[in-house]
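Take a look at the letters that make up each chain.
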Amino acid sequence: MAVRQVIYLSSAVRQMTADELDSLLRVTRTRNAGRGITGLLLYGEGSFLQVLEGDPDTIAEVFDTIRRDPRHSGLIKVSDATVADRKFGEWSMAWRRIDTAPEDLRDSFRNLRDGILENVDAVSRRDVVDFMVGSFLDSQPQAQRNRN
């Protein structure tokens, strides 16, 4: 079933603590599960990169809320498209903290983020989604892949 998929990049107004990120994820996962939203949130070096998937009207409401969230600024919508399949259908909000990832993954995240910041049109939606899917799945033990 086709869904709306929005990808955005933003900067945290300050570094978030592990407790703040845990709280954000708890609330987000609960809300998303109730609304039929799936996705992935990456956080590293003060930047958020997120994929949201779901009903077009619901995604519009959620994205509007995110746009007004005072915890971040400089929001850049990387992609807004209708896609045939969810990439994160098993997760109300999959999560990866890039700061604790292996160096090659941190470098890839930086390169992707910097490419988006320099010219959002030069980075394809497929490149972003492929990076996010790969970086998340490769870092997760099989047991965690089935958790929301």
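Residues numbered from 1 in each chain as written. Predicted model: local features only at pLDDT ≥ 70, side-chain atom pairs only at ≥ 80, totals over all residues. Heavy atoms only, no water.

Engineer: In this structure, what is going on with the environment of Leu21? I would like to understand it.
Structural biologist: Relative to the elements of secondary structure, Leu21 occurs in helix H1 (residues 18–35). Each C-alpha atom, one on Leu21 and one on Trp95, is 9.9 Å from the other, the two residues being 74 residues apart in sequence. Leaving out residues up to four positions away in the same chain, Leu21 has contacts with Met16, Tyr43, Phe48, Trp95 and Arg97. (Helix = DSSP H or I, 4+ residues; strand = E, 2+ residues; numbered from the N terminus. Contact = heavy atoms within 4.5 Å.)

Engineer: Would you mind going over helix H2 (residues 56–68) with me for this structure?
Structural biologist: Every α-helix winds through 3.6 residues per turn, so residues three or four apart in the chain are directed the same way. With 13 residues, H2 should reach 18 Å at 1.5 Å per residue; the first-to-last C-alpha distance of 19 Å fits that figure. Within H2 the residues assigned to the buried category are Thr58, Ile59, Val62, Phe63 and Ile66. The buried residues of H2 occupy an angular sector of 130° when projected down its axis, which confines them to one face. The exposed residues of H2 that point more than 90 degrees off its buried face are Asp57 and Arg68. Residues of H2 that are buried sit in contact with strand E1 (3–12), H1, strand E3 (47–54) and strand E4 (72–83). At the N-terminal end of H2, a side-chain oxygen is found 3.1 Å from the backbone nitrogen of Asp57, two or three residues along, and the residue is Asp55. (Expected span 1.5 Å × (residues − 1). Buried < 20%, exposed > 50% of the residue type's maximum accessible area, 1.4 Å probe, protein only. Arc of directions from axis to C-beta. Polar contact = N/O pair within 3.5 Å; in protein donor to acceptor, adjacent residues only side chain to side chain.)

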